[in-house]
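# Coordinate inspection notes
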Amino acid sequence: MELMLDTANLEELKTGMEFYPVDGVTTNPSILKNDLPFDYYAHLKAIKELCGDKRTFHVQLGAENWQDMLEEAREIWEKLGKDVYLKVPVTQDGVKAIKEIKGLGGRVTATCIYHTIQGIMAIHAGADYLAPYCNRMSDKDIDYIDVISQLRELIDRDGYEAKILAASFKNMTQVTQAIYAGAHTVTVQPALLKSALHSPLVTAAAEVFTKDYNRVREGK
Ligand code: G3P
């Protein structure tokens, strides 16, 4: 599996990368908005530098129609390089943009997936990653476990290389359910990871062991 951080905050990213086994970073315009003011490309470049060669970086396109998406893709390639994963919302224009970007040798993370059919179209259009929005689906009474497992079944059955990058989490139960439903990758806000690892049960258990360790070392 892979773990990505769903944030554009440089401090959160530095700490997250120091503490967790992080394979990549995902952003979207709404996440970036939280860290304004900044120079757009300078900020994205700083994140890409933190990612280095070993982690993937996923940047969302903001344009609405496929022609503008393609223009934006070219701008991102020029500023950040072609190894960035372009997040493309799976609309009708998005599917066309995925085909075009892949035809030009770009990398794509198909995003805003609420329905299996969007994932199917994105897989067949050549997307590298698919991002189902788990919590947002739950809010609309859509079963994200079904969507993820159906997409995983198709990928495995037909031998596609696309990976499922489950996103939009509000608790760790959603994260673990997504992984066991078949997500290859999850992207999680660092604050959510941190709160999960600060469970009072775990902290209390670890404290007892530290206390006992100190006694054992003192021999009394
Ligand atoms: O990576 C996509 C994700 O950030 C969407 O999450 O919290 O806006 O539903 P949210």
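It should be noted that the structure appears before, not after, this text.
A brief look at the structure comes next. (Residues numbered from 1 in each chain as written. Predicted model: local features only at pLDDT ≥ 70, side-chain atom pairs only at ≥ 80, totals over all residues. Heavy atoms only, no water.)

## Some words on the site of the ligand
- What surrounds the ligand is the set Asp6, Asn28, Ile31, Lys87, Tyr133, Arg136, Ala167, Ser168 and Lys170.
- Taking Arg136, its side chain carries an N or O atom lying 2.6 Å from an oxygen atom of the ligand.
- Between an oxygen atom of the ligand and a side-chain N or O atom of Lys170, the distance comes to 2.6 Å.
- Protein chains shield 85% of the accessible area of the ligand, which is 310 Å² for the free molecule. (Near = heavy atom within 4 Å. Polar contact = N/O pair within 3.5 Å; in protein donor to acceptor, adjacent residues only side chain to side chain. Areas by Shrake-Rupley, 256 points an atom, 1.4 Å probe, with all protein chains shown as cover.)

## Some words on helix H9 (residues 172-181)
- Taken as a whole, H9 has its buried residues at Gln174, Val175, Ala178 and Ala181. Seen end-on, H9 carries its buried residues on one side only, within an arc spanning 135°.
- If you follow the buried residues of H9, they end up packed against helix H7 (134-139), helix H8 (144-158), strand E7 (163-166) and strand E8 (185-188).
- You can read the cap of H9 off the contacts: a side-chain oxygen lies 3.1 Å from the backbone nitrogen of Thr173, and it is on Asn171.
- Positioned one or two residues after H9, Gly182 has a phi angle of 130°, which is positive. (Buried < 20%, exposed > 50% of the residue type's maximum accessible area, 1.4 Å probe, protein only. Helix = DSSP H or I, 4+ residues; strand = E, 2+ residues; numbered from the N terminus. Arc of directions from axis to C-beta. Contact = heavy atoms within 4.5 Å.)

## With respect to the packing of helix H5 (residues 92-103) against helix H6 (residues 116-125)
- Closest axis-to-axis distance for the H5/H6 pair is 9 Å, and the angle between their directions is 20°. What the angle tells us is that H5 and H6 run roughly parallel. Where H5 crosses over H6, the handedness of that crossing is right-handed. Contact residues: H5 offers Val95, Ile98, Lys99 and Lys102, while H6 offers Met121, Ala122 and Ala125.
- Of the residues contributing to the contact of H5 with H6, the split by class is five nonpolar, no polar and two charged. (Axes fitted to C-alpha atoms, helices over the stretch in contact; angles between N-to-C directions. Parallel < 35°, antiparallel > 145°, perpendicular 65-115°, else oblique. Left-handed = near helix turned anticlockwise from the far one by under 90°. Nonpolar A, V, L, I, M, F, W, Y, C, P; charged D, E, K, R; others polar.)

## Some remarks on the sheet that holds strand E2 (residues 24-26)
- One closed barrel accounts for eight strands, arranged E1-E2-E3-E4-E5-E6-E7-E8; its pairing is parallel. Put simply, the sheet's adjacent strands are angled 25° from each other on average, direction ignored.
- Relative to E7, strand E6 (residues 129-132) runs parallel, the two being bridged by two bridges. Residue Leu130 lies in a different strand from E7, and its bridge partner there is Ile164.
- Across the sheet, helix H10 (residues 190-197) touches strand E1 (2-6) and E8, and the angle it forms with E1 is around 115°. (Pairing = 2+ DSSP bridges.)

## A short note on the packing of helix H3 (residues 40-51) against helix H4 (residues 66-80)
- Two numbers describe how H3 lies on H4: the axes approach to 10 Å, and their chain directions differ by 60°. In terms of their interaxial angle, H3 and H4 are classed as oblique. Between H3 and H4 lies a crossing of right-handed hand. Residue-level contacts link Tyr41, Leu44, Lys45 and Lys48 of H3 to Glu75, Ile76, Lys79 and Leu80 of H4.

## Quick look at unusual backbone geometry
- In this structure, Pro37 follows Leu36 across a cis peptide bond, with omega equal to 0°.
- Inspection of the secondary structure assignment puts Pro37 in the loop between helix H2 (29-33) and H3.
- For Asp141, which is not glycine, the phi dihedral falls at a positive 65°.
- Checked against the element boundaries, Asp141 lands in the loop between H7 and H8.

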